[in-house]
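Summary of the model geometry
What follows is the residue order along each chain.
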Amino acid sequence: MSIWGVRCLTQKFIRQAYILANRRLLGPVPQRSPPAYAPLRPAHSSLYQMVKKRTLEARTKLQANKYPNHQACVAKPATSPPPEEYEAVAEASSMPTYANAQFQAPSQSEPLFKVGFADVKSVCSAKDVLKSDSAKLSTSQPVLDSCKPTNACEEFKRKRKETTCQPCNEDGTAPGGSGGGDEECEGRMKDLRLKCLLGALAALLAGGLLAWFMTRDTDDSEARKAQEEEEERKRRLVAGLATSPPSSDLPKHVPYLIIGGGTAAFSAFRAIKSNDATAKVLMISNEFRKPYMRPPLSKELWYTPNPNEDPIKDYRFKQWTGSERSLFFEPDEFFVDPEDLDDSANGGIAVAQGFAVKKVDAQKRIATLNDGYEISYDECLIATGCAPKNLTMLRDAPPSVLEKVMVYRTPDDFDRLRKLASEKRSITIVGNGFIGSELACSLAHYSRENNGGKVYQVFQENANMSKVLPNYLSRWTMAKMEAQGVCVIPNASIRSAVRDETNLKLELNNGMTLMSDVVVVCVGCTPNTELAAPSGLEVDRSLGGFVVNAELEARRNLYVAGDASCFFDPLLGRRRVEHHDHSVVSGRLAGENMTGAKKPYQHQSMFWSDLGPEIGYEGIGLVDSSLPTVGVFALPSDNAKRVDQLSDSSDPEIPTTTNTSQTTKSDATGSTDGVTCDPDEAANYGKGVIFYLKNDKIVGILLWNLFNRIGLARTIINQNKKYDDLNEVAKLFEIHA
């Protein structure tokens, strides 16, 4: 029997039980109301009843004579009607037919005839049987007379009396003369309903047991589930995940409160701890990990040899310099448990993981968590960072399609994508920015090393990194990425996504169709400013982010740092930067100001990117391809060595030797002024420097395959002056060294 059959059977039992429990036993048939024309013809009605009665008596006698062995108790026919009947008919015929005459319907209390059993020898009426003294059932000896106690008429009436609530007399007693009839009838009805209810419950119980027996899993699914949970717990422990305490265990007051658990937040803690040795810092993070850095998620982690652990223990990776480090800033032993922070004599930092702040009252200095728990503070920093964007078409797609769509931001995303790549799945990356281009190169390298699946990159622009690099250099970079194994599809966007059994069918606006196992959306991010409206903080309408002053203050004793801050640059105007270096420096400055330094933010942050082993670049200032650019390139050299940009280092000294070089100019539209831009001429763009100009002043510098020279570039931008010959400026970077 299937589950559907069990369900139907159970519903049938419940329906029958409901019918039995709510059945109403009918009493005597109510007297019918007379028809509208009855008062006008009482005589005809009486005559009709008399004729009908005699016809039925004659028919009954005829059946009894024709079938003597049928044993039917037949009503004894009357030989002649009583005189009163004739008188009633005569009176009725002589009465005038008035419209308002009162009609008296014949009595329906007694039936005109009764059905029963008759004997072949004698015919007795049912009334005689009921009045007979011998109508009592004898249990000692059988009775041969069928019209005596053993007839069906008496048995039928007896059964009917047991199941029918007889109407009470005027004095409230039962019709038979004995009191308590109503109580007895009600008692029987309650018993009947109770039995029906118990039967329904028994049927439900039996059906449930039967369904459980037929649907129970006889294999070791529970054991497998427990094993999977244990493996997941071990994996989370290895990855640095931890369980947060309840909000009631968090401190009610802390001297320093940091909202966010990223790079800017941890950099602020280091600055606070360096200026206040016993500082107690509480960090509230909506992630379930300790603070970690994000750049290696799209770069170095994919080039690290694949260990046996899954995930990689502590997410350790090798930097370009050859040294090894973890993705996390500090091990778990470095942090203090939130519930022990008040009792810590030497202070420290505690991370409350899995919490979010919904409001900050800058006037009362109170932060309110999502569950309503309030924490007061002396100094507070907002470092909520950014959230990755998604395409509207994919975000509103059906759940079956969303299972194959992901964004890339956290170590969990790295674990999922790495597992898919190891299973030789085809991957489509949407976007040509930093994360999209870096991830495409990294996945192509990983796929080539492990015989993986195809890697596609789809974007609407003309070439890779088109918003940062000049047009000629962007197209040259795209050719290099194709040489590494990335299938680049420029000038295209996803028009529709349909899920089949295993893959996603992507229809592009250029007519192409891609079959992909997963789609990774890398189209930028938006600052997390949900706190602004309930907290009364200002958000920049064009750039986004919390608006802060030169000291990174949004309100008194309330600071903002990192990707979520919109600050004023004295040289370049109001800006919002989404780079690792900006998070480190702005977080450090905010931490110093929280301890009383009150310094302005004047730092020109840098960024870097690696597109495989052949392309690496660093930039500083306003690096925008829409600005006019001047590029100076030299032949490639093996002397260029990359440095670790994840650690703080002092600016290098300005070199003194210079060499001649080739200059490439580009305006805002991307023209090259006669310079050859064939991507096959790799030597033309092997190493060089690109200057970004605004009002003939250098506002941005990009070092192409040049490393350890970012300090010099920062110095040139801070000078804020015009240069007649940029070739002479390029010589300072030793592009031929």
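Criteria and thresholds
- Sequence order as written defines the numbering, with residues in each chain counted from 1.
- pLDDT decides what is reported in this predicted model: residues at 70 or higher carry local features, side-chain atom pairs at 80 or more are listed and counted, and totals for whole chains, interfaces and linings draw on all residues regardless.
- To get the side-chain values, all heavy atoms of the structure are used, and hydrogens and water are removed first.
- Per the convention used, a helix needs a DSSP run of H or I reaching at least four residues, while a strand needs a run of E reaching at least two, with both numbered from the N terminus.
- Type-normalised accessible area, obtained with a 1.4 Å probe on protein chains alone, sets the label of each residue: buried when under 20%, exposed when over 50%, and partly exposed for intermediate values.
- The contact definition used throughout considers only heavy atoms, calling two residues in contact when any of these lie within 4.5 Å.
- Here the accessible surface of atoms and residues is derived via Shrake-Rupley with a 1.4 Å probe, and residues count as covered only by protein chains that are part of the display.
- Here a polar contact is recorded for every N or O atom pair within 3.5 Å, except that within protein the pair must consist of a potential hydrogen donor and a potential acceptor, and residues adjacent in sequence are included only if both atoms are side-chain atoms.
- Here, axes are lines fitted to C-alpha atoms. For helices the fit covers the stretch in contact, and angles between N-to-C directions go from 0 to 180 degrees.
- Relative orientations are named as follows: roughly parallel for angles under 35 degrees, roughly antiparallel for angles over 145 degrees, roughly perpendicular for angles from 65 to 115 degrees, and oblique for any other angle.
- If you view the pair so one helix is near and one far, a crossing is left-handed when the near helix is turned anticlockwise from the far one by less than a right angle, and right-handed when it is turned clockwise.
- Any residue that is not Ala, Val, Leu, Ile, Met, Phe, Trp, Tyr, Cys, Pro, Asp, Glu, Lys or Arg is counted as polar, Gly included; the first ten are nonpolar and the last four charged.
- Side-chain atoms within 4.5 Å are what join buried Ala, Val, Leu, Ile, Met, Phe, Trp, Tyr and Cys residues into a set we call a nonpolar core.
- A pair of strands is treated as paired once DSSP finds two or more bridges between them.
- Every residue carries a pLDDT, the predictor's confidence in it, which falls somewhere between 0 and 100.
- Salt-bridge detection follows one rule: a side-chain nitrogen of Lys or Arg within 4 Å of a carboxyl oxygen of Asp or Glu.
- Under the convention used throughout, the expected extent of a helix is 1.5 Å for every residue step, that is, one less than its residue count.

Another point: the overall build of the protein. In terms of helices and strands, the protein carries 18 helices and 29 strands. Looking at the protein residue by residue over its 737 residues, the buried ones come to 43%. Restricting the contact set of the protein to residue pairs at least 6 apart, pairs at least 24 apart contribute 70%. For the protein, the exposed surface amounts to about 40,100 Å²; the carbon and sulfur share of it is 51%.

Mapped onto the elements of the fold, Ser586 is located in helix H16 (residues 580-594). For Ser586, a relative accessible area of 0% puts it in the buried group. For Ser586, the residues in contact, after removing those within four places along its chain, are Leu552, Ala561, Gly562 and Tyr601.

The subject of this paragraph is the environment of Tyr692. With respect to the secondary-structure elements, Tyr692 resides in strand S28 (residues 687-694). Judged by its relative accessible area of 0%, Tyr692 falls in the buried class. Counting along the chain gives 61 residues from Tyr692 to Gly631, while the straight-line C-alpha distance between them is 8.9 Å. Within the local environment of Tyr692, its side chain forms a polar contact with the backbone oxygen of Val468, the two atoms lying 2.6 Å apart.

Glancing now at unusual backbone geometry. Its identity as a non-glycine residue notwithstanding, Asn491 has a phi of 50 degrees, on the positive side. Here Asn491 lies in the loop between strand S13 (487-489) and strand S14 (494-499). Non-glycine residue Lys598 carries a positive phi angle of around 55 degrees. Relative to the elements of secondary structure, Lys598 occurs in the loop between H16 and strand S24 (606-610). With relative accessibility at 39%, the residue Lys598 sits in the partly exposed group.

Moving on, we get to the packing of helix H12 (residues 411-422) against helix H13 (residues 434-450). At their nearest, the axes of H12 and H13 sit 10 Å apart, and the two run at 40 degrees to each other. Taken as axis vectors, H12 and H13 run oblique relative to one another. Every pair of crossing elements has a handedness; the one defined by H12 and H13 is right-handed. Counted together, Leu417, Arg418, Ala421 and Ser422 of H12 and Leu439, Leu443 and Tyr446 of H13 form the full contact between these two elements. Taken together, the residues that form the contact of H12 with H13 break down as 5 nonpolar, 1 polar and 1 charged.

Before going further, it helps to examine the nonpolar core. Membership of the largest hydrophobic core comes to 109 residues, with the highest contact counts inside it found for Tyr408, Leu417 and Trp704. Grouped together as the second largest cluster of nonpolar side chains are 23 residues, Ala634, Leu706, Ala713 and Leu726 included.

On to the pairing of strand S6 (residues 357-361). Two elements, S6 and strand S7 (residues 366-369), share 4 bridges in a ladder whose sense is antiparallel. Bridging across to S7, Lys359 finds its partner in Thr368. Counted along the chain from S6 to the antiparallel partner S7, the turn is 4 residues long, and its residue Arg365 has a positive phi close to 60 degrees.

Here the focus is the environment of Val407. Here Val407 is to be found in strand S10 (residues 405-407). Using a relative accessible area of 22% as the deciding quantity, one classes Val407 as partly exposed. With 23 residues separating them in the primary sequence, Val407 and Val430 have C-alpha atoms 9.8 Å apart. Look past the residues within four positions of Val407 in its chain and what remains in contact with it is Pro388, Lys389, Asn390, Asp413 and Val521.

Take the pairing of strand S5 (residues 348-353) next. When you tally the buried positions in S5, you get 6 out of 6 residues, the bulk of the element. Residue alternation in S5 divides its side chains into two sets, Gly348, Ala350 and Ala352 and Ile349, Val351 and Gln353, and both sets are buried. In this sheet, S5 lies alongside strand S2 (residues 280-285) in parallel orientation, the contact comprising 6 bridges. Across the sheet, Val281 pairs through a bridge with Ile349, a residue of S5.

What follows concerns the confidence of the model for the protein. Summary statistics for the protein give a mean pLDDT of 79 and a share of 69% for residues scoring 70 or more. Scored below 50 in pLDDT, residues 668-683 makes 30 contacts in the model with residues more than four places away or belonging to other chains.

Per the counting criterion, the structure on display carries 15 salt bridges. The residue Glu578 makes a salt bridge to Arg576 at a minimum N-O spacing of 2.7 Å. Taking relative accessible area as the criterion, Glu578 reaches 33% and is therefore assigned partly exposed.

Right, let's get into H13. Between its first and last C-alpha, H13 extends 24 Å over 17 residues, near the 24 Å set by a 1.5 Å rise per residue. Most of H13 sits inside the fold, with 12 of its 17 residues counted as buried. Residues Gly436, Ser437, Glu438, Leu439, Ala440, Cys441, Ser442, Leu443, Ala444, His445, Tyr446 and Ser447 constitute the buried set of H13. Downstream of H13 by one or two residues, Asn451 has phi in the positive range, about 55 degrees.

For helix H8 (residues 263-275), built from 13 residues, the straight-helix expectation of 18 Å at 1.5 Å per residue is met to within 8% by its first-to-last C-alpha distance of 19 Å. Restricting attention to buried positions, one finds in H8 the residues Thr263, Ala264, Ala265, Phe266, Ser267, Ala268, Phe269, Ala271 and Ile272. On the buried face of H8, the contacting elements are strand S1 (253-259), S2, S5, strand S8 (374-382) and H16.

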